Every structure is written in C-alpha cells, then in structure tokens.
Amino acid sequence: MAAPRAVTSRMRTSKRADKSYPASTLNFLKRLPSEILIKILSYLDAAALFSIIHVSRLFYQLANDEALWNRIYIVEVSKKKKRNPNCVDKQSLKMATLELHDRAAGHWKQLYFKTVASYGMNMWRIHLGLISGHTGLPSRTERVLRNLLVTWELTVSDRSGHEGTHELSWSKFCETSVTLCWSGGGCLPDYQQISTLQLHGVRRIALNCPGLKKPGWRSLMANVDMPALTQGAQVIGQDRLVELKLLQPGMIIGVWRERSSVAFVMFTLHFHRLVERSIQGSSVCPYVEPIIKSPLDDIDPEYGLHGYQLHIVLHNTACEIMSGSFPPMFCKRTQICDGFIQLTAISRAVISQHTPLSSRINIPWRCEALHGAVKNCCIMSLTLLDEFKKPFWCVCSPVSMELEKTPVSYDFDGEHFLIHHRDSDGQVKMNLVWMEEQRQLVLISLVVYVTVCKVNEHFSRNY
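### Details of the side chain of Q427
Stage number 1. Looking at the secondary structure, you find Q427 in strand 20 (residues 426-435).
Stage number 2. A polar side-chain atom of Q427 sits 2.7 Å from a polar atom in the side chain of H420.
Stage number 3. In contact with Q427, not counting residues within four places along its chain, are F340, W393, H420, H421, R422, V447, V448 and Y449.

### Focus: the side chain of T230
Stage number 1. Locating T230 in the fold gives a position in helix 10 (residues 226-230).
Stage number 2. There is a polar contact of 3.5 Å between the side chain of T230 and the backbone oxygen of P227.

### Focus: the confidence of the model for the chain
Stage number 1. Mean pLDDT over the chain stands at 84; residues scoring 70 or higher make up 83%.
Stage number 2. Taken element by element, the predicted model of the chain shows its lowest mean pLDDT in helix 1 (residues 2-31) (49) and its highest in strand 17 (residues 377-385) (97).
Stage number 3. Scored below 50 in pLDDT, residues 1-21 shows zero contacts in the model against residues more than four places distant or in partner chains.

### Regarding the pairing of strand 21 (residues 440-451)
Remark: a regular strand shows side chains that alternate across the two faces of the sheet.
Stage number 1. Extensive coverage of strand 21 is indicated by the burial of 11 of its 12 residues.
Stage number 2. Looking at chain direction, strand 13 (residues 340-346) and strand 21 are connected through six bridges and run antiparallel. Its bridge partner lying in strand 21, L343 is registered against V448.
Stage number 3. Where strand 20 lies against strand 21, 10 bridges are found, and the strand directions are antiparallel. When the sheet's bridge partners are listed, V433 is paired in strand 21 with V442.
Stage number 4. What sits between strand 20 and strand 21 in their antiparallel hairpin is a turn of four residues, with R439 showing a positive phi close to 55°.

### Comments concerning the nonpolar core
If you look at soluble globular proteins, the nonpolar side chains tend to sit buried side by side.
Stage number 1. By size, the foremost hydrophobic cluster in this structure holds 40 residues, and its most contacted members are L382, L384 and L446.
Stage number 2. If we ignore the near neighbours within four places in the chain, the residues touching L384 are Y308, Q309, L310, M329, L343, K390, P391, F392, W393, V448 and V450.
Stage number 3. Formed by 36 residues, the second largest nonpolar core is a distinct cluster that contains V150, L180, L247 and F267.

### Let's talk about the sheet that holds strand 5 (residues 194-204)
Stage number 1. The strand order across the open sheet built from four strands is 2-1-5-6, with neighbouring strands paired in antiparallel fashion. Both outer strands of the open sheet, strand 2 (163-167) and strand 6 (216-225), are each paired with one neighbouring strand and no more. Taking the axes of each pair of neighbouring strands and ignoring which way they run, one obtains an average angle of 25° across the sheet.
Stage number 2. Direction of pairing for strand 5 relative to strand 6: antiparallel, over a ladder of nine bridges.

### Focus: unusual backbone geometry
Stage number 1. The backbone of N376 sits at a positive phi, close to 60°, despite the residue not being glycine.
Stage number 2. Note that N376 resides in the loop between strand 16 (370-375) and strand 17.
Stage number 3. For N376, a relative accessible area of 34% puts it in the partly exposed group.
Stage number 4. Not every positive phi belongs to a glycine, and R439 is a case in point at roughly 55°.

### Focus: the sheet that holds strand 8 (residues 242-248)
Within a sheet, each strand pairs with its neighbour through backbone hydrogen bonds, oriented either parallel or antiparallel.
Stage number 1. Taken together, six strands build an open sheet; the order of strands is 3-4-10-9-8-7 and the sheet is antiparallel. Each having just a single partner strand, strand 3 (170-173) and strand 7 (234-238) make up the two edges of the open sheet. In this sheet, neighbouring strand axes are inclined to one another by 20° on average, regardless of whether the strands run parallel or antiparallel.
Stage number 2. For strand 7 and strand 8, the ladder comprises four bridges, and the chain directions are antiparallel. Residue pairing for strand 8: Q238 is matched across the bridge by E243.

### A short note on the environment of T176
Stage number 1. Here T176 shows up in the loop between strand 3 and strand 4 (177-183).
Stage number 2. Overall, T176 belongs to the buried group, its relative accessible area being 1%.
Stage number 3. Separated by 204 residues in the primary sequence, T176 and M380 place their C-alpha atoms 10.0 Å from one another.
Stage number 4. Residues contacting T176, with those up to four places away along its chain left out, are T135, L137, L269, H270, F271, H311, V313 and S381.

### Quick word on the pattern of salt bridges
Stage number 1. Taken as a whole and assessed by the stated rule, the structure comprises eight salt bridges.
Stage number 2. One salt bridge in this structure joins K454 and D425, with 3.9 Å as the shortest N-O distance. With K454 in helix 12 (residues 452-459) and D425 in the loop between strand 19 (416-423) and strand 20, this pair connects stretches of sequence that are 29 residues apart.
Stage number 3. For D425, a relative accessible area of 26% translates into the label partly exposed.
Stage number 4. One network of salt bridges, in which partners are shared, links E153, R204 and R218.

### Considering helix 12
Stage number 1. Burial analysis of helix 12 places six of its eight residues in the buried class, which makes it a mostly covered element.
Stage number 2. V452, K454, V455, N456, H458 and F459 are the residues of helix 12 that are buried.
Stage number 3. Where helix 12 is buried, its residues touch strand 11 (305-315), strand 13, strand 18 (391-404) and strand 21.
Stage number 4. Trailing helix 12 by a residue or two, S460 shows a phi angle of about 55°, which is positive.

Thresholds, definitions, all that
- Residues numbered from 1 in each chain as written.
- Predicted model: local features only at pLDDT ≥ 70, side-chain atom pairs only at ≥ 80, totals over all residues.
- Heavy atoms only, no water.
- Helix = DSSP H or I, 4+ residues; strand = E, 2+ residues; numbered from the N terminus.
- Polar contact = N/O pair within 3.5 Å; in protein donor to acceptor, adjacent residues only side chain to side chain.
- Contact = heavy atoms within 4.5 Å.
- pLDDT = per-residue confidence, 0-100.
- Buried < 20%, exposed > 50% of the residue type's maximum accessible area, 1.4 Å probe, protein only.
- Pairing = 2+ DSSP bridges.
- Core = buried A, V, L, I, M, F, W, Y, C linked by side-chain atoms within 4.5 Å.
- Axes fitted to C-alpha atoms, helices over the stretch in contact; angles between N-to-C directions.
- Salt bridge = Lys/Arg side-chain N within 4 Å of Asp/Glu carboxyl O.

Written out as structure tokens, the structure reads:
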C-alpha cells in the first residue's frame, strides 16, 4: 500500500508545480534583460509581432520597439525592390537604414503598415477606370472596395467627453451607392447626449492574426457636430417603434419613440470617388478631391446649357424600387429662374415617360432582435452628368414621400404624392400618383434644379 501513496504524493507535487509554471515563466521573462527579449522577438514577422502585442504589458512595450519595426520595414521594402526595382525609392530605403532614432515613437510601425497598404493601388485605379455607360460611374466600385478590405467605422463622442468606436453592423450595396448601419444595442449614448459623430473609412491590412482586429489605415469621411444639427433635424418618418431623423443629406438616426436612446445610425454614400474618400484621407482630414477644370461648354445664344444626362435610383435597405437613365437634357437661358437651372427628365404631359415603381416606398430596419419598416421613406441616389459625361452633381440621401393636395386631374384619379430633396447645390422634385387599378405607384414627373452658382463654378462661366 506504500507504493500507491508515494505515487499519489508525486502526482500532487506535479500538479502544484504545473499551477505555478505560468507565473514562474512570466517572472523568469521579466528577469531577462530587455536586449535578450528584443533579440528573440526580432525573429518574428509583422503578423506575429502584432499578435504578441496583445499578450501583456511587457510584450506590448517590447513588441513596439522602434528597432524591430525599422528592421521589418527595411526587409519589406527590400523584398519589394527585388520584385520591382523601379517602384522603390532607393533614397528612402537608405534613410530608413541610417535614421533609426530620429523619428517619433511608432513611426516605423506606422510606415510599415502604410507601405503594405499601398500595394495594389495601381491595380484598383485600373479597375476604377472602367466606366459604366449606364451610370457614368466606375463599374467595379464594390469589387474594388471588397478586394482592398475596406470597411467603415463610426466614432461617437458624448457631452462628457467619452468616446467609443463602433464596427459596422451591416452594409447594403446598391447600383450607385452603399448603405451603412450601426445598431445601438445599448452601446450608443442617448440622442441628446451625442456631441460628435465621425465616419472613417478603414482599409484593413491582410495579416495572419486569427481572432485579432487587424490594423488599418483610417480616412475621415464625415465629422458631424450634433448639437448644431439636432435642433433642425427633420423627422422623415416613423413606425410604432422608431422615429427617423434626417440630420443632413445622407445621414439618418433611428430613435426609439418611447425613449431618447438611439436604435441605429445610418449613412448612405454615393459611389462617386467613394474608394478615394474611404482610403486616401487621414484620420483627421478627409480626402480632398482634385480640382479638374472642365472645358468651356458650347456658346449658344439659345441653348446655353445642354447635354446633361441623369441616372437616378430609388431603393431601400432591402431592394431596388426604381432605376432609370434619361437622355440628354437642356435648359434654355430664358428658363433660368430664381437662381436655378431646370432640367426635366420626366414630364407630366408625356405619358410615355411615366415610370411605374416596382414596390412600395418604405425603409425596412433591424436592430438586434427587433425589426420594422417605416412607410413613405426610401433612399434616392442621383447622378447628374455634364455634357462631357463626367459626374457633375452626385446625391445619395434618404427622402420622404408626402401626400400632395392637387387640383382635380382627369388623367389620374388616385392620390398624388411629392418627393422633394434640397441641398446647397440644387433640388429634386418627383411627383407620383397611386394607380388604383394597377395597385402601384407611378412616377409622373421628375425635375432637377441645379443652382446657377454650381454651373458657373464648374464651367467657369457667368450664366
């Protein structure tokens, strides 16, 4: 019986030793000189080094050592030089070798990720050069964004100074736009307590770090001062649970009707230069679109403004409601009125132009386990091309449909509705009528009003 007791005693001793092993190992590592630990970490690649940062404070400090990331940067640039000698700045490589300690903390780590993020940039520019004759926009915008691992993040600050960054809940790509949504879930401040909202495009770096949030390059796309907008926010619709507040074109906040808490925040982004805006700004400054001076339009005493083409899509977060492209439109100089140039795409008088809608106008929403649909609201994505087939005015924003009181119409006996969007560059008016016999809405009038100031600035003219 003595032998079994001895075995049991040894097993207990072994268990006690196993329990103390991690702490002993950590204490042992702490006793090692930092030079030895950094030498060990120097054998790791960028992915492993980024992963080990999350182990402990000790490894966080060691794995952010400037010398480690300087070496990784030089190795990466040298590899790229061997693959393509013409794409590497030799002077920059030489300076990276010489100037190690003359940089701010984190410089080489940031420079490494910025360098890796720049790979493939020429390829997406080639893809974005393929323009759709249907919309006048790059035809592969969605594919490019997905290939570049682009996502979007929302940073929310409250009045007490607390700040939180939230990952995207879901996104929905449409023909010429993308809709982004962040659900509240109790993690967003009350509507009245929000101080600022910042929208960033984020390009993730393809590192092999399972379970960890990948590093990325952040590009500021919107910086919204909430107190300045909440007073003039327009309620564009509601159902029994949420109320939709339009703060500015392209941005709505869903607020729970029984409380002031936020159900969701939604942005709608037009495809025009969306890739550039999502990845080419900085974390504090948005991308600045280059100024390209348009050629002078034709001088014509009667038809001074002509050749405009319109593509418009009405959709919601689930499906497309209507999509249409309209042939070149013009405006006589005598038709310029109240500072607006009027371009008619669908005329009430021309029945052949009238366009039926494929579904009811509403915006479905979902937040955690709850969902609903706000009636008489949808998302409008408008692209107006100039006579040179270049994007001239691009708008993507939620809009509301309101009942319109009109005189008796002998052509249409159903209810008439109006969708009216306005911003600093112009207005859009859409008249719809409910056809009882067909049980559907029909768009019977579509008129775009562009400010004369925008036209003059675009063409360097003086209309």
